[in-house]
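Read off the chains here:
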Amino acid sequence: MSPRPRKPLQTAMHEHKHEPETGSPSKSHKRRWRLAFTAISFTMALRLRCKNVLDQNKATLLRTLSYVAIDVQPAEDANKAAGNEHPSFPGIDPKALCDIVRSKKNESLVSQYGGARKLVKTLETDVKSGIIGTDADLIRRTTVFGANEYQKPPPKGFLTFVFDAFKDTVIIILLACAVLSLGFGIKQHGWKDGWFDGGSIIFAVFLVVVVSAVSNFNQSREFQKLSAKSSDISVETVRDGRRRPISIFDIVVGDVVCLKIGDQIPADGLFLEGHSLKVDESSMTGESDHVEINAAANPFLLSGTKVADGFGTMLVTSVGMNTAWGEMMSSVSRDLDEKTPLQARLEKLTSFIGKVGLSVAALVLVVLMIRYFTGHTTDEKGLREFNGRKTKFDDIMNAVIGIVAAAVTIVVVAIPEGLPLAVTLTLAYSMKRMMKDNAMVRKLSACETMGSATTICTDKTGTLTLNEMKVTEVWLGKETIRADGVPEMSLTIVYLLQESIGLNTAGSVCKASPESAPEISGSPTEKAILSWAVYSLGLDIDEVKAQCDIIRVEAFNSEKKRSGVLVRRNHEKALQTHWKGAAEMVLAMCSNYYDKDGIIRAMNDEERRCIDTIIQNMAAKSLRCIAFAHKKHEEETAEVQKLEESGLTFLGLVGLKDPCRPGVRIAVDTCTAAGVRIKMITGDNVHTARAIALDCGILNPDEDVESEVIVEGVQFRNFSPEERREKVERIRVMARSSPFDKLLMVECLKQKGHVVAVTGDGTNDAPALKEADIGLSMGIQGTEVAKESSDIVILDDNFTSVVTVLRWGRCVYNNIQKFIQFQLTVNVAALVINFVASVSSGKVPLTAVQLLWVNLIMDTMAALALATEQPTNELMEKPPVGRKEPLITRIMWRNVIAHALFQVTVLLTLQFKGRSIFGVDEKVKNTLIFNTFVLCQVFNEFNARKLEKKNIFEGIHKNKLFLAIIGVTVLLQVLMVEFLKKFASTERLDWGQWCASIGIAALSWPIGWLVKCIPVSGNKVRLQGDFCK
């Protein structure tokens, strides 16, 4: 019998008897306290669970006198029971919130969520600090509200490209002939031997179609990748108290996003803070009028719209497919099959050559039919093929099908389907390489058009310069002080400058902790001024903002070139106006100035001229001059809607140094040598513009500033249209320009026949970027509006990358010309040989399979080999190709005629004298013709690498793909001749015959060298039908 366990009290007493009497609690006491604490905790948790269940279920629970039955569920089960599989935000219905913002229901927003400010707390974020931004936080928000991505229509699959290739009428006819040939061949010779002719043609057609489909499919995937890259824009958000740029796809609900002029709104949301915010909603509503956004009446911001004016912050409430923009974009796919101007011109060329080939094929068909039915053709044994009624029907049909197949194959070879493929390959290859060279192509046509550019209109800041500004000079009144010379200033001046800089800025200063260095964000100019204020003036931006109430803000724009703010200090009735901007613009508004002791002095004409001279001298040192002005006025006299713009007091002047980028001068010299004119368009004053233009090599030191090479924007826009057109050629620098002046210059240059490329980064640059032949936006400083209006995005904002784009543009054009020369040579040779042979002997020396193999070499392999040639320095030594220059130059025709004449002469000699020269039969002779013809094209591919230069091997080691394709082509030709006799209708050749074929084909090299010694008068030729324009 087991002993009975002691009761707890007895056990405690028993243990207590043996406890030593010390000052510390005994073990039994500790255990009893733990038991009591556990019991209380459990009771409280049980009561809370009971209350929650009663509130949620409202159900009648089973009760007795002694206990209550409660169905206690785990947290996950409770969420599932409530209909939420994932942890949600209490009081938030994502769908309802999405509908309120999309429908702009302000009353519902206030009644359901208490407005934007209360919604911030509900979404567990903060107006100043944003979300925490930890991985767990981001996953939770993405789980509940979704990711900021939209479903795209599925891209075209590989089979679609195969099907498209089979839609070609000529391919369909050829397949029909092949099927008929297969049927009659099997009927006549049985399955074992009867399938070769028809089956070989079918296989060859499928090979051509598949190779073409694979090539197009790969290029489509490349374009899709580039499209995805162009959609990935950077958005500035506040997370954990720090401003940071993130991808638009990483935005989550609850994020606080910073908005400025030109930004695309990344998701649906609500306005939190800001000034003068206006939005362009034309992409969503079609209305061109800008919509004013404010916290009271219209706080709603919709994804996909653009910020037209002002700045502010927004709270993200809906992302991805929960936004109207996401729904719209999910049904729209970018057109990757856009036709470029060069492709349109090549279609005319293809059509012209196709018509010639069709005419020759029809003539060959007629001649062969007449010769066959009149008994002038013989078989392999020398017997007549057609003997009237004695000839079997199957033999007649086989002969007719063979004749039709030969004629159709001539059409296949004659139609240069490879031209569009060559353009696609060249564009795809150049786009991929340009991305590595910091240029992202948004529109295919820009790749080729850039090669024809005659003028580049470029910005100064960030493009020609480093965009790394620093305050190097400071002036107070007529006296200069050190940039860190705070002790030399009066406290009044220091405080006014702190106030002017801290309140009148679109930048920000963030300190993660008191010990950490401040993180300064904003435009380069804003960052430079804020850095000077923080480190030299001791600016605490948060403290300055806390001491003032901002009444009105006028954001900076490129027209006025200044920004202003109207504020009231705490516990004061007086209002303070602060202006900051271009020095001469601010100076014009002032009638007084502060000296360094803080004393206000009247500004007479002499002192105004003195300060103006200071500004000019600073500008002559390549400094950007920024001035500050201030005015204090009583509240009674300040009930105005606009900030005061006259009678201000000149507060001070700073000079910002932005050095030229390394390599810019070399890039400018390269463009000049290439016949491309560089025009600098800047918002800086004439003196700064001239200094930078001299540093960059755009101007020469001996050119006078007063001459017509430098104008101000106001002068240019005030010229008559005739004067503008007359002077625009000579202008090389435009200072104090507005975006409208840039647009005017682009229009004038285009009217004069120039192909114009324009760089731009601001929202107001969009019209000029669209008007230009090639719009180049800046990837770092450029706004989303500017990027969407451009054709190419320069990812590093560097002028050297603009020159790289120019080189690639010329390379694209040059590679297409190389392929055209090669293709025309093959076309002319193949058409002449088949036509002459059919008329004279009634036989076509090259069979359908052989011609399809030649077509494969021409179209795909040669296109791939010649399309991947990289740009060379010699491309930048030629003048630009004009807007209406023909594709086929006299130099190209010289090369085409010479090589085609050589090939035709050699192959016709083999056709008529080959049997006697080599002592072989008809089949071996035809194989020799086929082999020599293919090898001629292999050697001619080397000639096509250089249109004018005699050294065709220069730089060949850099193009590994070219050498690989040549090797594969030769290897496959050996297989065709030596091992695929039945498939290709060939006979094996001995070493002597191979050497003869190679030797004859190799003559292409010395002939090409000699032909290039022939001078060409002029550099272009025009063809009938205007197909080359």
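Quick caveat: nothing in here was measured; it's all calculated off a predicted structure.

Trainee: Hey, could you run me through the environment of Gly241 in this one?
Mentor: Mapped onto the elements, Gly241 comes out in the loop between strand 1 (234-239) and strand 2 (242-247). On a C-alpha basis, the gap between Gly241 and Val127 in space is 9.5 Å, while along the polypeptide they are 114 residues apart. Residues within four places of Gly241 in sequence aside, it is in contact with Ser129 and Cys510.

Trainee: I would appreciate a short explanation of the packing of helix 29 (residues 799-841) against helix 31 (residues 890-918) in the present structure.
Mentor: Relative placement of two packed helices is described by the angle separating their axes and the distance separating the axes. Between helix 29 and helix 31, the least distance of the axes is 9 Å, while the angle of their chain directions is 30 degrees. In terms of orientation, helix 29 and helix 31 fall into the roughly parallel class. The interaxial crossing formed by helix 29 with helix 31 has right-handed handedness. A breakdown of the residues in the contact of helix 29 with helix 31 according to their chemical character gives 16 nonpolar, nine polar and no charged.

Trainee: Is there a simple way to think about the nonpolar core in this case?
Mentor: General note: in soluble globular proteins, nonpolar side chains tend to be found buried as a group. Formed by 131 residues in total, the largest nonpolar core has its most connected members in Ile792, Phe799 and Ile820. The dominant element in this core, judged by the number of residues it contributes, is helix 29, at 19 residues. Of the domains in this structure, domain 2 (413-428 + 808-1013) and domain 3 (440-465 + 661-797) are the two that each give at least three residues to this core. Counting residues in each nonpolar core, the second largest holds 39 residues, with Val101, Leu119, Leu272 and Val307 among its members.

Trainee: How should I be thinking about a nonpolar patch on the surface in this particular structure?
Mentor: Among the surface-exposed residues, Leu971, Leu975, Phe979 and Leu980 lie close enough to one another that they form a single nonpolar patch of about 380 Å² accessible area. Inspection of the secondary structure puts Leu971 in helix 33 (residues 960-978).

Trainee: Explain the pattern of salt bridges to me, please; I cannot follow it from the model alone.
Mentor: Using the criterion set out here, one finds 36 salt bridges in the structure. In this structure, Arg736 and Glu584 form a salt bridge, with 2.4 Å as the shortest nitrogen-oxygen distance. Placement of the pair is Arg736 in the loop between strand 23 (733-735) and helix 26 (739-751) and Glu584 in helix 20 (residues 583-587), with a sequence separation of 152 residues. Given a relative accessible area of 12%, Arg736 falls into the buried group. Through salt bridges with shared partners, one network takes in Arg117, Lys128 and Glu273.

Trainee: Help me understand the pairing of strand 1, please; the structure alone is not making it clear to me.
Mentor: Every regular strand shows the same layout, with side chains that alternate between the two sheet faces. Pairing of strand 1 with strand 2, which is carried by six bridges, proceeds in the antiparallel orientation. The residue of strand 2 that forms the bridge with Thr237 is Arg244. Counting the residues between successive antiparallel strands, the hairpin from strand 1 to strand 2 contains two residues, one of them, Asp240, with a positive phi of roughly 55 degrees. Judged from the two bridges that link them, strand 1 and strand 3 (residues 256-259) form a sheet pairing that is antiparallel.

Trainee: Would you take a moment to explain empty space enclosed by the protein for this structure?
Mentor: Using a probe with the size of a water molecule, rolled over the atoms, empty space left in the structure can be pinpointed. Taken as a whole and judged by the stated rule, the model has two cavities of 30 Å³ or more. Here the second largest cavity defines a volume of roughly 40 Å³. Along its surface, the second largest cavity is lined by Lys460, Thr465, Met469, Ser622, Leu623, Arg624, Leu656, Asp658, Asp684, Thr688 and Ile692. Grouping the constituent residues of the lining of the second largest cavity by class yields four nonpolar, three polar and four charged.

Trainee: Is there a simple way to explain the UniProt feature "transmembrane region" (unreviewed entry) in the protein in this structure?
Mentor: In this structure's numbering, the residues bearing the UniProt feature "transmembrane region" (unreviewed entry) are residues 169-186, 198-217, 352-373, 396-429, 819-839, 851-870, 961-979 and 991-1011. Here residues 352-373 is 100% helix and 0% strand, with 32 Å between the C-alpha atoms at its ends. Taken end to end, residues 819-839 has its terminal C-alpha atoms 30 Å apart, with 100% of it in helix and 0% in strand.

Trainee: How do you make sense of the side chain of Ser790 when you look at a structure like this?
Mentor: Topologically, Ser790 is positioned in the loop between helix 28 (784-789) and strand 26 (792-794). Of note is the side chain of Ser790, whose polar atom sits 2.8 Å from the side chain of Ser777. Polar contacts involving the side chain of Ser790 include one to the main-chain carbonyl oxygen of Lys787, which spans 2.7 Å. Dropping the residues within four chain positions of it, Ser790 is found in contact with Arg442, Lys443, Gly775, Leu776 and Ser777.

Trainee: Can you walk me through the side chain of Thr323 in this structure?
Mentor: In this structure, Thr323 sits in the loop between strand 7 (306-318) and helix 12 (324-330). Here Gly320 takes part through its backbone oxygen, which lies 2.8 Å from a polar atom of the side chain of Thr323.

Trainee: Please clarify how unusual backbone geometry should be interpreted in this entry.
Mentor: Only a minority of non-glycine residues have a phi that is not negative, and only a minority of peptide bonds are not trans. A positive phi angle is found at Ser276, which is not glycine, with a value near 55 degrees. Within the element layout of this structure, Ser276 appears in strand 4 (residues 268-280). One non-glycine residue, Ser622, adopts positive backbone phi at about 70 degrees. Locating Ser622 in the fold gives a position in the loop between helix 21 (605-620) and strand 19 (623-633).

Scoring rules and cut-offs
Residues numbered from 1 in each chain as written. Predicted model: local features only at pLDDT ≥ 70, side-chain atom pairs only at ≥ 80, totals over all residues. Heavy atoms only, no water. Helix = DSSP H or I, 4+ residues; strand = E, 2+ residues; numbered from the N terminus. Contact = heavy atoms within 4.5 Å. Axes fitted to C-alpha atoms, helices over the stretch in contact; angles between N-to-C directions. Parallel < 35°, antiparallel > 145°, perpendicular 65-115°, else oblique. Left-handed = near helix turned anticlockwise from the far one by under 90°. Nonpolar A, V, L, I, M, F, W, Y, C, P; charged D, E, K, R; others polar. Core = buried A, V, L, I, M, F, W, Y, C linked by side-chain atoms within 4.5 Å. Buried < 20%, exposed > 50% of the residue type's maximum accessible area, 1.4 Å probe, protein only. Domains from an automatic or database assignment. Patch = residues over 30% accessible without salt bridge, like charges linked within 9 Å, V, L, I, M, F, W, Y side chains within 5 Å. Areas by Shrake-Rupley, 256 points an atom, 1.4 Å probe, with all protein chains shown as cover. Salt bridge = Lys/Arg side-chain N within 4 Å of Asp/Glu carboxyl O. Pairing = 2+ DSSP bridges. 1 Å grid on protein atoms, 1.4 Å probe; cavity = no way out; pocket = protein on both sides within 12 Å on 5 of 7 lines; lining within 4 Å. Points joined across faces, edges and corners; volume = space filled by probe spheres on them. UniProt positions renumbered as here; feature names shortened; annotations may be inferred. Polar contact = N/O pair within 3.5 Å; in protein donor to acceptor, adjacent residues only side chain to side chain.

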